[in-house]
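# A closer look at the structure
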Amino acid sequence: MKQFVIIGNSAAGIAAIEAIRNKDKESRITVISDEDYPSYCRCLISYYLAAEIDEGKILYRPLDFYKENKIDLLLNKRVIHVEPKKNYIVCDDKSKLSYDTLLIATGAKPKFPQGIKGIKKTNVFGFRTIKDTKDILGQLPVTKSACVLGGGLIGLKAAYALKKRNIEVKVIIKSRQVLSQMLDFEAANIVQRRLEDNGIEIILGQDVTEIIGNGDIKAVKLDSGKVFGCSMVIVGKGVQPNVDLVKDTDIKVNEGIIVDNRLQTNIPNIYAAGDVCESFDLTKKSYSINALWPVAVEQGKMAGRNMAGDSLNYDGSLGMNSIEFFGLPVVSLGIYKIKEPGAHIEELKLSNTKENIYKKIILMDNIIIGAIFVGDIRNSGVFLRLIREKIDVSSIKDRLCHENFGYPDIIDLLKDKECIYV
Amino acid sequence: MDEFKEKSIDLATQEMLKKAQDENIKTAWDRLELQQPQCGFGQLGLCCTVCNMGPCRIDPFGEGPQSGVCGANADTIAARNLARKIAAGASAHSDHGRDVAHTLSLLADGHTHDYEILDVEKFRDLASEFGINIDKPKEQIAKELSKRLLEEFGKQDGELVFCKRAPKKRQNIWKSLNITPRGIDREAVELLHTTNMGVDNDYKNIINTGMRCALSDGWGGSMVATDVQDIILGSPKPVRGKVNLGVLKEDYVNIVVHGHEPILSEMAVKASMDPELVNLARRAGAQGINLAGICCTANEVLMRHGIPIAGNFLQQELAIITGAVEVMMVDVQCIMPALHEIASCFHTKLITTNPKARFPGVIHVEFEPKHAYEVAKQIIKTGIENFSNRNKERVNIPKQEMDLVAGFTKEIVFQILGGRYRATYKPLNEAIISGRLRGLAGVVGCNNPKQTHDYFHTTLVKELIKNDVLVLQTGCSAIACAKQGLLIPEAAREYAGKGLQEICEAVGIPPVLHLGSCVDNSRILTAASYIIAEGGLGEDLSDIPAAGAAPEWMSEKAITIGFYFVASGVYTVFGASPFATLGSKNLSDYLTGQLEEVVGAKFEFCDDPLKMAHLMINHIDNKRKALKLKPVMY
Amino acid sequence: MKQLYYDVDKCLGCKSCEIACAVGHSATKDLFKALKEERVSLPRKKVMHTRGKNYPVSCRHCKDPKCVDACMAGALSYDKEKGIVLHDETRCVGCWMCVMVCPYGAIRPNIKTRIPLRCDKCKDKDEPDCVKACPTGAVIWQEEVEIKL
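As the structure is a prediction and not an experimental result, all values here were calculated from the model.

When helices and strands are counted, chain A shows eight helices and 26 strands. Whereas a compact globule of 422 residues would reach a radius of gyration of roughly 22 Å, chain A reaches 23 Å, a difference of no more than 12%. The principal-axis extents of the C-alpha atoms in chain A amount to approximately 65 × 60 × 40 Å. Expressed as a percentage of the 422 residues in chain A, the buried residues total 58%. Within chain A, counting contacts between residues at least 6 apart in sequence, those at least 24 apart form 62% of the total. Across chain A, the mean location of the 59 positive side-chain charges is 3 Å away from that of the 54 negative side-chain charges.

This part covers the pairing of strand S22 (residues 320-325) of chain A. Residue and element names in this part refer to chain A. Judged by how many residues are buried, S22 sits mostly within the fold: six of six residues are covered. Every second residue of S22 is oriented toward a common face, with Met 320, Ser 322 and Glu 324 on one face and Asn 321, Ile 323 and Phe 325 on the other, all of them buried. Bridging between S22 and strand S23 (residues 328-334) involves six bridges; their strand directions are antiparallel. By the bridge assignment for S23, Phe 325 is matched with Leu 328. Counting the residues in the hairpin turn of S22 and S23 gives two residues, including Phe 326, whose phi is positive at 50°.

Attention now goes to empty space enclosed by the protein. Residue and element names in this part refer to chain B. The final tally for this structure, using the stated rule, is eleven cavities of 30 Å³ or more. The space that makes up the largest cavity amounts to roughly 470 Å³. Every residue lining the largest cavity is counted, 45 residues in all, and those nearest its centre are Gly 442, Val 444, Asn 521, Ile 524 and Phe 565. Looking at the lining of the largest cavity element by element, the count peaks at six residues for helix H23 (residues 521-534). Counted by class, the lining of the largest cavity contains 35 nonpolar, nine polar and one charged residues.

So, about the interface of chain C and chain B. Facing the 18 residues of chain C at the interface are 14 residues of chain B. Of the roughly 1400 Å² buried at the junction of chain C and chain B (both faces included), carbon and sulfur atoms supply 70%. Broken down residue by residue, the surface that chain C buries against chain B is led by Ile 19, Phe 32 and Leu 35 of chain C, which jointly contribute 40%. Between the two partners, chain C and chain B, sit three salt bridges. Salt-bridge contacts for Asp 59 of chain B lead to Lys 46 of chain C; the nearest nitrogen and oxygen are separated by 3.9 Å.

Moving on to the interface of chain C and chain A. Between chain C and chain A, the residue contacts involve 42 residues of the former and 52 residues of the latter. For the chain C face of the interface with chain A, the top three residues by lost area are Met 72, Met 100 and Tyr 104 of chain C, together amounting to 18%. Inspection of the chain C/chain A interface yields five salt bridges. The closest approach of N and O atoms between Asp 69 of chain C and Lys 301 of chain A, which form a salt bridge, is 2.7 Å.

Take the sheet that holds strand S25 (residues 357-364) of chain A next. All names here are of chain A. Spatial ordering of the open sheet is given by S22-S23-S26-S25-S24, a layout of five strands whose pairing is antiparallel. Of all strands in the sheet, those bounded by a partner on one side alone are S22 and strand S24 (345-352). The average undirected angle you get between the axes of adjacent strands in this sheet is 10°. Across the sheet, helix H6 (residues 185-197) touches S22, S23, S24, S25 and strand S26 (367-374), and the angle it forms with S23 is around 150°.

All names here are of chain B. For the coordinates displayed, the defined rule picks out 27 aromatic pairs over all chains. Between Trp 553 and Phe 574, the ring centres sit 5.6 Å apart and the planes meet at 80°, which makes this aromatic pair edge-to-face. One end of the pair, Trp 553, is in the loop between strand S14 (546-550) and helix H24 (556-567); the other, Phe 574, is in strand S15 (residues 572-574), and 21 residues separate them in sequence. Each of the two residues, Trp 553 as well as Phe 574, counts as buried. Feature note: the residues Trp 553, Phe 563, Phe 574, Phe 579, Phe 603 and Phe 605 constitute an aromatic cluster, connected by ring pairs. One cation-aromatic arrangement involves Arg 57 over Phe 41; the distance from NZ or CZ to the ring centre is 5.1 Å. One cation-aromatic arrangement involves Lys 270 over Tyr 373; the distance from NZ or CZ to the ring centre is 5.4 Å.

On to the sheet that holds strand S2 (residues 28-32) of chain A, then. All names here are of chain A. Here we have five strands laid out as an open sheet, ordered S3-S2-S1-S7-S19, and parallel in their pairing. At either margin of the open sheet sits one strand with a lone partner, and together these are strand S3 (71-74) and strand S19 (270-272). On average, each strand axis in the sheet is inclined to that of its neighbour by 20°, with strand direction left out of account. Pairing analysis gives four bridges linking strand S1 (residues 3-7) to strand S7 (residues 101-104), with the strands arranged parallel. The residue of S7 that forms the bridge with Ile 7 is Ile 104. Packing of helix H1 (residues 11-23) onto the sheet brings it into contact with S1, S2, S3 and S7, and relative to S1 it is tilted by some 160°. Here helix H7 (residues 293-307) sits on the sheet in contact with S1, S7 and S19, set at roughly 175° to S7.

This brings us to helix H9 (residues 184-194) of chain B. All names here are of chain B. When we look at burial in H9, the residues that qualify are Ile 184, Glu 187, Ala 188, Leu 191 and Thr 194. Buried residues of H9, seen end-on, are gathered within an arc of 130° and therefore sit on one face of the element. Its buried side turned inward, H9 meets helix H5 (74-108), helix H7 (138-154) and helix H10 (203-233).

Of all hydrophobic cores here, the largest spans 170 residues; its most connected members are Val 82, Ile 104, Leu 162 and Leu 400 of chain A. Each of two domains, domain 1 (1-58 + 127-149) and domain 2 (59-118) of chain C, supplies a minimum of three residues to this core. Look past the residues within four positions of Leu 162 of chain A in its chain and what remains in contact with it is Leu 49, Ile 136, Leu 140, Ala 146, Val 148, Ile 167, Val 169, Met 232 and Ile 234 of chain A. One finds Ala 87, Phe 408, Ala 441 and Val 573 of chain B within the second-largest nonpolar core, a separate group that totals 164 residues.

Residue and element names in this part refer to chain B. A contiguous nonpolar surface patch, about 280 Å² in accessible area, is contributed by Met 53, Val 69 and Met 197. Structurally, the position occupied by Met 197 is in the loop between H9 and H10. Taking relative accessible area as the criterion, Met 197 reaches 38% and is therefore assigned partly exposed.

Residues and elements named next belong to chain B. Per the counting criterion, the structure on display carries 85 salt bridges over all chains. Residues Asp 454 and Lys 483 are paired through a salt bridge, measuring 2.7 Å at the closest nitrogen-oxygen approach. Taken as a pair, Asp 454 in the loop between strand S11 (439-443) and helix H19 (455-466) and Lys 483 in helix H20 (residues 475-483) lie far apart in primary sequence, 29 residues in all. Judged by relative accessible area, Asp 454 falls into the buried class, the value being 0%. What emerges from the salt-bridge pattern is a single network uniting Lys 122, Glu 129, Arg 165, Asp 227, Asp 230, Glu 300, Arg 304, Asp 520 and Arg 523.

Before going further, it helps to spend a moment on unusual backbone geometry. The omega torsion of the bond from Gly 54 of chain B to Pro 55 of chain B falls at 10°, within 30 degrees of zero and hence cis. Along the chain, the position of Pro 55 of chain B falls in the loop between strand S1 (47-48) and strand S2 (56-57). With a phi angle near 50°, Arg 51 of chain C is a residue other than glycine that sits in the positive phi range. Relative to the assigned elements, Arg 51 of chain C resides in the loop between strand S2 (46-50) and strand S3 (53-57). Using a relative accessible area of 45% as the deciding quantity, one classes Arg 51 of chain C as partly exposed.

On to the environment of Leu 486 of chain B, then. Looking at the element boundaries, Leu 486 of chain B is found in the loop between H20 and helix H21 (490-495). Along the primary structure Leu 486 of chain B and Met 402 of chain B are separated by 84 residues, whereas in three dimensions their C-alpha atoms are 9.5 Å apart.

Residue and element names in this part refer to chain C. Looking at chain C, the domain boundaries give domain 1 (1-58 + 127-149) and domain 2 (59-118). One C-alpha centre belongs to domain 1, the other to domain 2, and the line joining them spans 18 Å. With 15 residues of domain 1 at the contact, the number on the domain 2 side is 18 residues. With both chains or domains summed, domain 1 and domain 2 bury close to 1300 Å², and 45% of this area falls on carbon and sulfur atoms. Counting the surface domain 1 buries against domain 2, the share from its top three residues, Met 1, Arg 44 and Ser 58, is 42%. Between Lys 63 and Glu 144 there is a salt bridge, and its shortest N-O distance comes to 3.7 Å. Counting every contact that joins domain 1 to domain 2 gives five residue pairs in polar contact (both at pLDDT 80 or more). When residues in the side of domain 1 that touches domain 2 are grouped by element, the largest group, four residues, is from strand S1 (residues 2-6). Within the side of domain 1 that touches domain 2, the residues separate by chemical class into seven nonpolar, two polar and six charged.

Rules used throughout
- Residues numbered from 1 in each chain as written.
- Chains lettered and ligands numbered in written order.
- Predicted model: local features only at pLDDT ≥ 70, side-chain atom pairs only at ≥ 80, totals over all residues.
- Heavy atoms only, no water.
- Helix = DSSP H or I, 4+ residues; strand = E, 2+ residues; numbered from the N terminus.
- Rg over C-alpha atoms; globule rule 2.2 N^0.38 Å.
- Buried < 20%, exposed > 50% of the residue type's maximum accessible area, 1.4 Å probe, protein only.
- Contact = heavy atoms within 4.5 Å.
- Lys, Arg positive; Asp, Glu negative; His and termini not counted.
- Charge placed at Lys NZ, Arg CZ, Asp CG, Glu CD.
- Pairing = 2+ DSSP bridges.
- 1 Å grid on protein atoms, 1.4 Å probe; cavity = no way out; pocket = protein on both sides within 12 Å on 5 of 7 lines; lining within 4 Å.
- Points joined across faces, edges and corners; volume = space filled by probe spheres on them.
- Nonpolar A, V, L, I, M, F, W, Y, C, P; charged D, E, K, R; others polar.
- Buried area = accessible area lost by both parts, 1.4 Å probe.
- Salt bridge = Lys/Arg side-chain N within 4 Å of Asp/Glu carboxyl O.
- Axes fitted to C-alpha atoms, helices over the stretch in contact; angles between N-to-C directions.
- Phe/Tyr/Trp six-rings, centres within 6.5 Å; stacked < 30°, edge-to-face > 60°.
- Lys NZ or Arg CZ within 6 Å of the ring centre and 35° of its normal.
- Arc of directions from axis to C-beta.
- Core = buried A, V, L, I, M, F, W, Y, C linked by side-chain atoms within 4.5 Å.
- Domains from an automatic or database assignment.
- Patch = residues over 30% accessible without salt bridge, like charges linked within 9 Å, V, L, I, M, F, W, Y side chains within 5 Å.
- Areas by Shrake-Rupley, 256 points an atom, 1.4 Å probe, with all protein chains shown as cover.
- Polar contact = N/O pair within 3.5 Å; in protein donor to acceptor, adjacent residues only side chain to side chain.

Okay, here's the thing in structure tokens:
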């Protein structure tokens, strides 16, 4: 009987478990997590912080999930070392566990830029885990104002949640726009206006150099010299993959653990999936980390199936983000900003400032490689499909930005004809 | 039989529906089922087919388009659709009135000898109303009167003569709103004009124009029809009659008249009594000729001659399905196209008589007032000749027939409620003032297979009379209640409240008064005006403790009637589905709310008969309070 | 398992299916009353129009649903027995991940209620409401067809 070991109990881990169990009900599966909590929906912590959901709703799977699927769950244990030559892993309590096949789904941890003085103070929080959230919640009663560092999804979601809790929030962003990792300038402006209209202060083009305070936080200092008073700092300046456990091994690591189109590392019986891995990005056509929940689930599923004996091909990951702020929905797919224009690149745009609707589609050689939707996100899934299946859209280019563009427009272009319309 | 109980509370109808099912004949109920689901956009009034840039739809859920191609929004589209229905309904009634006025003019010119001036007193009164000097020979007066009446249709300015019957206060309200009808045809034309693409976009203004057109019917076309019919066919007097399919007789030649214009059915009545024809019938093996009616024409001949009524609107197919009808002669309005197919399942001959209402492939015997009696005789003869073709095996006449008393007009109310010696409305007013009568209700209108046939009418009326409300009825509604035995004096003892009972017993009337056909709704308007003139109950029609209802309505004519009642100040409740206006919140709210501030009355929509009764009773009580009347006696 | 198919030649684009769907999912189940409800029910499917023809679009209840994978709240799940993708409104946070990944665009965001609109094959009824509602019989309810045309 095989022994599967899965390091990580979140999106990729659970997807892998379910994929394996779909095929293989007998083999042993052990899941190790360094958190002290059963699998939960990481992306929901901002809603929890905002008091829009209560703790009961944050579980990703019912508590009996592990028992039902015959999983050995080891919580509150961190794997510190993987030994690929001997097929075992070592935990922080010095225990060892052997495996036949291993999945590394350790995720990533928030970056705390060491250049910022005072970054190690208490009440400087990352915003990744439920523990982070509970710690922040604990401080709320004595917090009047907070600063959020970073204008990415984590930073803005944290700011939104704090605002909902009636904390005065300032978001300090180095870039000249919010959401620089998923939106272009125009789209970002629409989002920024919506945030500001709802009382969240956005400061662009500045970075925090120092967090000031003796013991408790009193203020932050920006590189312009300006000082803002606050008693809490949340850092949303990106995540870095948890690859310490494969240090000093032969497992190929760049920024993340490199995986091939089977989600396999360079070691045949070791797989990786989720925020920890670096895979082929089919829009960028290069290796990249796409630390996103749906990507993690996809990769975990694929890895799990291959671990269980299938031989499935993973086309690659791509950026895909969906968020809503104060009634303004935003979706970003693939390549959202062209760095250098080229002969093969085309941009289609639709902008309706009155109704806060913005659509942009980026094509290369008549194949969609990216899209942004603000305000009206209907049918974005069809675009995701066009990107994934690399469909030549030259015959429907004029329909793409149309309000009523949808699945029926592409049925003739699909490689595998589907039977829906007779 | 249970499935039929849901379709109708009338046993005769249930029986015939079963017969239809057994013989595989489809009726309106079956066709309604096949139509399900009926289009939601249509039901909400959000479909516009006015111009060729469409057809357009407004999304009732707010996601899709909120305006048509021309830019019309839900309010405009729903209001225009409603306006067209008002115009259509008004046209039907007014055209009927025109035909009657035309008959008077033929009579005056000596072109027809089958009619004469029967109610001379009313004739003179009407002539005086038009300012005609009555110190002249009858023929002269008739010529002038018919000319003036026909002029009402083509008038361009001024106001319709009958408007002066309304209380001064009401006339002033119309004037201030610019809705005093100027000419009967003009108002329909103008209303239709405003509903064209790119004319009126203001839903309140459209309703205003709609009210004016409706008034040109109520105080115009319909009133002409009623009054001239009384003149040349005789004013109705209280008469006993019988109602329901059981009036058809197995051993008689059964002739059914169906439609609306009594200038035809009156001749049929006469012809059915012609000794030559009766003999012919006997020789054909029948005991005689049995004439019965369906719908409004039935009401007309009932009111004047006590002719039995075979049934109301939804029973028209069922009459043929009894297998015992030799001829069904029809003229205009409410005649189902399905009759042709159903008649061809039996020996029944369907005969059309009016060039405005033809059926492909059906015998047409054109009825002209000039040869009225001859034509009627010819049709009856066809019936007699058809008697031998009856398939006795397929005959099944339900036993149900009920007695009723009908024949109440505004003049009768004068006379009978005034007691024998004084023709006046005083006793009626006093009954209301003293609280013996809570108030009045007009319950009118059609049938609709969307609801249990006759159930709403009868339940509503029973609840009203239980609460001492005297109910005035017309049309198919009256027939529905008659079938359940509410139109006989004995019904007072069984169903009426104490106060109403006392009056009915004292005067010898039923608690529910049958005033005639749908054009005879104009009698209610005139009676209401007399009530105000008599005094003690306010100065305007909207002061009277009264309410109107059309519980099972189907026809556009019902919408028009509703509008002329509301425009005249009478709170009117509609049952079944509301007007197709719910797609426009503004319009619906206006009709059921703000309209009251404009004309002193509004619409209400209610789908439960008991609730509706209490809406009306509440309204009546409020009016009593406003008049500072004594509380209701019992 | 039965699925919804559409005969494009018969679809008139009348949208009776949309209305029936919305009313069928309302509290009062009556067109006139449904419009007055506090939370007005919206149609779960949409009739789209392109190239001169009408194409109703509704959730395909895929066997390997992308929306279930993408749901970051675990609100979507696939019921193998019934062959339906189920949505638990109580867990949903309105993140619109499902809208983003549906290959048919069959999920629409309802910004007001923050609940996605998607067909549930009228799971508590014998037959989806849209089937009966279609006046031309363009909505077909029959056993799943496994073919690739």
